[in-house]
Every structure is written in structure tokens, then in C-alpha cells.
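Architecture and fold: a report
Read off the chains here:
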Amino acid sequence: MDRLHPLETLEEDGKHTGLARDFLDILSQKTGVQFQPVQGTSWAGALIGIENGYIDMLSSATRTRELEKHLNFTTPYITLPLMIFSREDHPYIKDIGELHTGVTAVVDGHAIVDFLEKDWPDLPLLMVKNVEDGLRAVTSGRADHYIDTLLTTSYNIQRLGFSKIKVAGETPYTYSLGFASHKKLPTLHQILQKGLDSISEEERSAIFNKWRSIHYEHDFDYTLLWKMAAIGFVVLGVIFHWNRRLAAEINDRKRTEKRLLESESKSHAMSEAIHDGLVMIDEHARVMYWNQAAENLFGITAEEAMGKNMHNLISPKKYHADAHKGLENFAITGKGPVVGKLQQLTAIRKDGSRFPAEIGVSSFQNNNRWYAVGTIRDITERIESQETVARVRTELQQIFDNTQVGIIFIKDEHKLYRCNQRTAEILGYESPQEMIGMDLSAFHLSDKHFEEFAQRYHTQLAKGIRVVTEYEMRQKNGRNIWCSLAGNALDHANPPDITKGVIWALDDISEKKAAQEALQESKKRVKTILESINTGTMIIDPQSKIILDVNPVAAKMIGLPTEQITGKRCHQFTCPCAEGNCPITDDKQSITNEERLLLTASGVEIPILKTVVPILLDGKKELLESFVDLSQQKKIEQALQENLNDLERFYRMAIDREEKMIDLKTEINALLVQTGHPQKYTIR
């Protein structure tokens, strides 16, 4: 808990005391609710505790929009004016607008922050942790003013012994302090409000009288005026003229002092606002000024730096001898090896860590003494960025030089201003340097080709369209070469300015083209062969079962034109097998010169002698079916079978007749033997 005595504070022994505590004690007596303070937290920590729900209430809070999101407020039990505190030499501040000439410290999270940011958004503010931190900021010069309640600030001024801080002005703001409880505890809010309402005026007065012991000085002490009035009108008449003259001189002096203070405050505010360290030294290198940015940069406070030798504070020892020599000349002439220059040097922080710094030094003379003012900037990120850029640039250059794709940069539409080694190799040149400045027409087969290329593709590039094409180019020796080209405008605007350049990537695809031409020629030969043989052929995709090609013999057998066959699935079209029962792809059969059936367009099944082999066509696995019509052969076989059947029948008839003759001859021989005659027939 921040030290807000006499309003409230948490003593070292953990006891919660102060005006707010007295009100809580009365509420405990009236309601029976005990209030336990949360120890070891600041005001900012208390706000976080409220947001996170582990603190139930605040014992002294002013209603703000931010706090109202989480808290329910009782009616105020005390209203405290907010005053402006400054060093004793600061003139009285009549209007809060005068605070623009300096930096004003306020406790972070207190309601005054909301008040000032709303009404005076441009007012330079310094956020501090608590009252003590704010008062120390004023005494050290980090802040010119501090705004808080008269009650708590005056107590802390006395406690800390800051005798040179005074009340320098009033503000239009007040803290109307009440109890604030978490919105998740509506019953607690009702108890607090009812308990507060039940506190009598006598009880309130007793609490206020107990803690009321505050005094402050206004802008003018009228005591002297009343004492002078007692002398009488005679003395007053004698000194009237002198007082008027003296008053005029005093007013002039005050106006001058005010302008000087305003100028000084502005300069101070500006120097504190810049992000670079700002340091001033005398001719002996003793620190005369050290801004907040320098404190942050080196980890050395202004109090620690003032009067110390700057080189001993922040520079490596290797610079000290040269710095000492330079100072001897600087003390006389105001010139030196670093004056008027921007240099990169190594600097040292308080913890001993080193960093690259950019230092700019200028000199000025005052009362015949030379002073130097230096700006110091930590350029670690810049150095790292430069190193990263250099590394990336080197990597890109290596990629550019070693890639197996040619890269060409074109400017002025037709002129080559940069290319890599691969480009030179593709187009038959010795090196990229030989090609720099050449007109692009030199790489085209003719001027006509160049004009047609420019008309077709540069128009697309000018619209921001990426160009990808295959194009026949001319090498240095006049030989034609096929290249793949991909081009983009360098300008990223929409549409791009084509005059800013074009980048082309090219690759030698002569072998690819030759292979494609050979493949096409091979396809033609294969097609010619297939169309000339007296065998039906079909090429089928084994995955989709789609017929890719048929020759005329197969088309005639099927009874349809080629174009009505290709693209159809073979199942139930040319093959009687059902889907999922393909002998080749489903049953994994091997068919070589086997009798199968072919469906015709009329639905007739004709017998064929079929062979199926896998082939590689355009890099894809396909099936080549070849078949011969067996219909005529089947008819001949059928006729032959019928003849064989007739012969068999005749043969059987002949055999039957011969058997009957043998039986007859046998009977005749038997009768002859019975009658005593010899056998007539010899039977074998």
C-alpha cells in the first residue's frame, strides 16, 4: 500500500492507520464486518488486484470511468483539493495551463491522470509510483511540478524533509474519496453505503479534527502590508512614489524571470523528450547535463553522472589517451577531432556491457569557457540490420551467380543492364560483362520476331501480368535455341512503370524440345503402324477404364466411328465384363492370345483372339489391347465340324453293315457243316 498518510498508510508492523482506517473502524463497529488490508502492494498493484478479483474493495478511491468498470462507489466521505507542488524558487502558478512550460509528475493510476489527459492532453506528464517518488522527481529536476492532495503531500514533505518544496498553485480538481467495492459483491456495497450513511456529523468531525494539521503558503503574504498600514498615512505618502517605482521594477524583473524560466523549462522538456542521450561537458570533460535518455541508455542516473569525467563513465580505456589530448586543444579553441562530426564508437554501460554508439558533438562558448554538447544513440539494431542486409545481399548475389537459371534485368525497355553467368552460357557468350548494354533484338531470330515479341508480351508486363512462355532465341554464333521465359515488371505499382525495368528468367529447353519432337514423331510412327496393321487395337487407361485411342480396324469391328469410341469406358461398351470384374486390373489376369468376346455397337458379341500388354505412353502407364476377329474362322470351324460329323455317321453305317455280313457268313458256314458240306466263307 502506498504511503498516503494521514489519509491512510500501512505501517511497517502491518497496521493500517489513517483517516480512512478510522472510518472503516466505525463501520466495523456498526456492521460487524472486519476489513483486512492487503499488504505489500502499490496503488497500481491494487488496481490489478481489483481487475483480477483477489482484492474486494478500495478504502479511498475517486470515481473514474476506468474504475467504474469494476467497482461500485459509495458517496464520498471526504473531498480533498488537488494542489501543485514545485521547488521553492518556482513562481506561483495561477493557471494550470502554465504547466505546459515544464514536466508534471503524477501517480500512475490516480484519478488526476484521467483528469489531465482529458482536459489537457498535450500536458507533459511523468508517471511515478507514489507520493514519495513524485516529490523526489521534483527535487532531482526530473519533474518541475507534482500534483496531488494537500493532505497527503504535505505530510510526506515533512516526513522526508523536503523543505525546498512548496505549494505553488491550485488546480480546479478535487478527490471525492469514498469506498469502492467489487461489482461481484453488491451486498458489500450496500453494507458500506448504509454504514457510511449511519455515521453522525459528530463522529465525522472527530475524525477530521484528529488529522487536520496542514498549512501552506499562497502567492502573496499580506502580513507585511497590514504592518505597513499601521505606520500611518504620512509615511505612506512619503514612500508612495518609491513603492510605485519599486513595484514597476519588481514586475519587470518577475516578467523577465518568468520568460527565462519558461525558456529553461521548454529547453529542459525538449531535451528530456528526445530519444537520444544528450550530454553536456565542460573543457575538462566533466558532465554538466545528463538527460533521461542518457540515464536509460547507460544505466547511470543524472546524480551519478554530474561532475564526473564523461570518458571515464562511458568510453573504453583505449580512447582515454586520445580524448585527453583532444581536450587540451578543445579548452583553448573549442575544436577537436570529434567536434562537428558524426562518429561510430564503442560505449560502455554501467554494468560493463558494450554497444556501438553514434555520437555527434558540437561546441559553444559561454563566459570564455568552452562546452561540448553530444548526442549519443545506441545503433545496435542499425548495425545488426546493416549486417543482415549485407549478409542477405551476399547470399542473393551467390544465388544470382550460381543458379542454373539465366536471369536478365532490362532497363529502358530494350537494354540489358545486368545478367548472370548462366545467361551468358545459355546464349553462347563468354561472360555477363560482354552482354551488358546489348539491345534485346540481338537475341531474337529477326527484327520481325523481336517486334512481335515486344508487342505481345511487353503489353502484358505493362499491365502487371506475369509472362510465362517458350520462345526460340538466337545465340551469339547464330544458332537457334529454345528457351523457357518468365518475366515480371520490377515496379510493384498497379499498373507498373515498365520503364523502371523488367526481370526475365530463362532456361535452355532445347533438349526438352528435341525430346518432345522425338516423342511426337514416335507417336506418329506408332499411330501409322497401328492403323496399317490388320489387327484391331485399343489403348485404355487402366485407372479410369477410359478408351484413349482405337485404330480403324477396331472401330470397324465395333461398328462406330473413332470419335464415338474414344473417351468412353470399356465396361459394358466393348467389354462384356461388369464393373469391378475386369480380368486385367481387378482379377490380375494375363491375357495372351486368348479367345474373348468383343461387344459391338449393335449389342452382338463377336469372338476375338485377344492380347493385352502394359505400355508407357507419355510417361503414363496404359494398356494396349490387340485382337483379331475370329468370326470367319469360327464359321469355317463350324462347317468343318459338321463335315466331320457326317463322315463319322457314314463310317458308323459302314461298320454296322460289315458286322451284319460277318454274322450271316458265320450262320451259312454253320449250316454247311451241319449238312456235311465244307465251310464256304473264311472269316477274319
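All values reported here derive from a predicted model rather than from experimental measurement.

1. Structural notes on the overall build of the chain
When helices and strands are tallied, the chain shows 20 helices and 24 strands. Per-residue burial over the chain gives 37% buried out of 684 residues. Partitioning the contacts of the chain with sequence separation of at least 6, the portion at a separation of at least 24 is 52%. For the chain, the exposed surface amounts to about 41,100 Å²; the carbon and sulfur share of it is 53%.

2. Quick notes on the side chain of D148
Note that D148 resides in strand β8 (residues 145-149). Buried within the structure, D148 lacks any salt-bridge partner; its nearest side chain of opposite charge belongs to R159, at an N-O separation of 11 Å. A distance of 2.5 Å separates a polar atom in the side chain of D148 from a polar atom in the side chain of Y146.

3. A look at helix α6 (residues 186-197)
Here α6 contains twelve residues, and its C-alpha end-to-end distance of 17 Å stays within 8% of the 16 Å for a straight helix at 1.5 Å per residue. Of the positions making up α6, those classed as buried are L188, H189, L192, Q193, G195 and L196. Axial view of α6: buried residues confined to an arc of 165°, hence all on one face. Across α6 from its buried face, at more than 90 degrees, point the exposed residues T187, K194 and D197.

4. Topic: the nonpolar core
Counting 37 residues, the largest nonpolar core has L19, F23, Y77, I112, L116, I147 and F179 as the members making the most contacts within it. If you list the elements that add at least two residues to this core, you get α1 (19-31), β5 (78-87), α3 (111-119), β9 (165-182), α6 and α7 (201-211). Top element by residues in this core is α1. It accounts for six residues. Sequence-distant contacts of Y77, defined by excluding residues within four places in its chain, comprise L19, A20, F23, S59, S60, L177, G178, F179, L196, R204 and F208.

5. Digging into the pattern of salt bridges
Two side chains with opposite charge may pair up if their charged atoms get near one another. On inspection of all chains with the given rule, the structure shows 24 salt bridges. With a shortest N-O distance of 3.5 Å, R87 and D144 are connected by a salt bridge. Taken together, the residues R87 in strand β5 and D144 in the loop between α4 (131-140) and β8 connect sequence positions 57 residues apart. Of the residues examined, R87 reaches a relative accessible area of 25% and is grouped as partly exposed. The exposure class assigned to D144 is buried, which follows from its relative accessible area of 8%.

6. Considerations on a nonpolar patch on the surface
A contiguous nonpolar patch, built from L640, L644, L647, F650 and M653 and spanning about 540 Å² of accessible area, is present on the exposed surface. Within the secondary structure layout, F650 lies in helix α20 (residues 631-674). Note on F650: relative accessible area 52%, which makes it exposed.

7. Side note on unusual backbone geometry
In most cases, non-glycine residues show a negative phi, while peptide bonds are predominantly trans. Following N494, the chain continues to P495 via a peptide bond in cis, the omega torsion being 0°. Even without being glycine, N593 reaches a positive phi, approximately 50°. Here N593 shows up in the loop between α19 (552-558) and β22 (594-599). On the accessibility criterion, N593 (53% relative accessible area) is exposed.

8. Re the pairing of strand β20 (residues 536-540)
Of all five residues that make up β20, five are buried, and the element is covered over most of its length. Along β20, one buried face is formed by G536, M538 and I540 and the opposite face, lined by T537 and I539, is buried too. Pairing of β20 with strand β24 (residues 620-629) involves five bridges; the strand directions are antiparallel. Along β24, the bridge assignment pairs G536 with F627. Judged from the three bridges that link them, β20 and strand β21 (residues 547-550) form a sheet pairing that is antiparallel. Within the sheet, the bridge partner assigned to M538 lies in β21 and is V550.

9. Examining the packing of α4 against helix α5 (residues 150-160)
Two numbers describe how α4 lies on α5: the axes approach to 10 Å, and their chain directions differ by 65°. The orientation of α4 with respect to α5, classified from their angle, is roughly perpendicular. α4 and α5 meet at a crossing whose hand is right-handed. Contacts between α4 and α5 involve V131, E132, L135 and R136 from the first element and T153, N156, I157, R159 and L160 from the second. In the contact of α4 with α5, the residues fall into four nonpolar, two polar and three charged.

10. Points about the packing of aromatic side chains
Counted by the stated rule, this structure contains twelve aromatic pairs. Between F409 and Y417, the ring centres sit 6.0 Å apart and the planes meet at 55°, which makes this aromatic pair tilted. Since its relative accessible area comes to 15%, F409 is described here as buried. Residue Y417 is classed as partly exposed on the basis of its relative accessible area of 35%. Centroid distance Y429 to F443: 6.1 Å. Interplanar angle 90°. Geometry classified as edge-to-face. Pair noted here: Y429 is in the loop between α15 (421-427) and α16 (432-435) and F443 is in the loop between α16 and α17 (447-462), with a separation of 14 residues, a long-range link. Neither Y429 nor F443 differs from the other in exposure class; each is buried. One aromatic cluster is present, built from ring pairs that chain together F453, Y457, Y471 and W504.

11. A word on the confidence of the model for the chain
Per-residue pLDDT for the chain has a mean of 83; in total, 89% of the residues score no lower than 70. Here helix α8 (residues 223-229) stands out as the least confident element of the chain, with mean pLDDT 33; α15 is the most confident, with 95. Every residue in residues 213-247 is under pLDDT 50, and counting partners more than four places away or in other chains gives 13 contacts. In this model residues 256-268 is a low-confidence stretch, pLDDT under 50, and it forms ten contacts with partners more than four residues away in sequence or in other chains.

12. Quick notes on the sheet that holds strand β12 (residues 342-348)
Pairing is antiparallel in the open sheet, where five strands are placed in the order β11-β10-β14-β13-β12. Of all the strands in the sheet, just β11 (287-290) and β12 have a single pairing partner and so form its edges. Geometrically, the sheet is characterised by an average inter-axis angle of 30° between neighbouring strands, direction not taken into account. Pairing analysis gives three bridges linking strand β10 (residues 277-281) to β11, with the strands arranged antiparallel. Counterpart to I281 in the pairing with β11 is V287. Relative to the sheet, helix α13 (residues 320-333) contacts β13 (354-366) and β14 (369-378), its axis offset from that of β14 by approximately 125°. Against the sheet, helix α14 (residues 380-402) engages β12, β13 and β14, with an angle of about 125° to β13.

Thresholds applied
Residues numbered from 1 in each chain as written. Predicted model: local features only at pLDDT ≥ 70, side-chain atom pairs only at ≥ 80, totals over all residues. Heavy atoms only, no water. Helix = DSSP H or I, 4+ residues; strand = E, 2+ residues; numbered from the N terminus. Buried < 20%, exposed > 50% of the residue type's maximum accessible area, 1.4 Å probe, protein only. Contact = heavy atoms within 4.5 Å. Areas by Shrake-Rupley, 256 points an atom, 1.4 Å probe, with all protein chains shown as cover. Lys, Arg positive; Asp, Glu negative; His and termini not counted. Salt bridge = Lys/Arg side-chain N within 4 Å of Asp/Glu carboxyl O. Polar contact = N/O pair within 3.5 Å; in protein donor to acceptor, adjacent residues only side chain to side chain. Expected span 1.5 Å × (residues − 1). Arc of directions from axis to C-beta. Core = buried A, V, L, I, M, F, W, Y, C linked by side-chain atoms within 4.5 Å. Patch = residues over 30% accessible without salt bridge, like charges linked within 9 Å, V, L, I, M, F, W, Y side chains within 5 Å. Pairing = 2+ DSSP bridges. Axes fitted to C-alpha atoms, helices over the stretch in contact; angles between N-to-C directions. Parallel < 35°, antiparallel > 145°, perpendicular 65-115°, else oblique. Left-handed = near helix turned anticlockwise from the far one by under 90°. Nonpolar A, V, L, I, M, F, W, Y, C, P; charged D, E, K, R; others polar. Phe/Tyr/Trp six-rings, centres within 6.5 Å; stacked < 30°, edge-to-face > 60°. pLDDT = per-residue confidence, 0-100.

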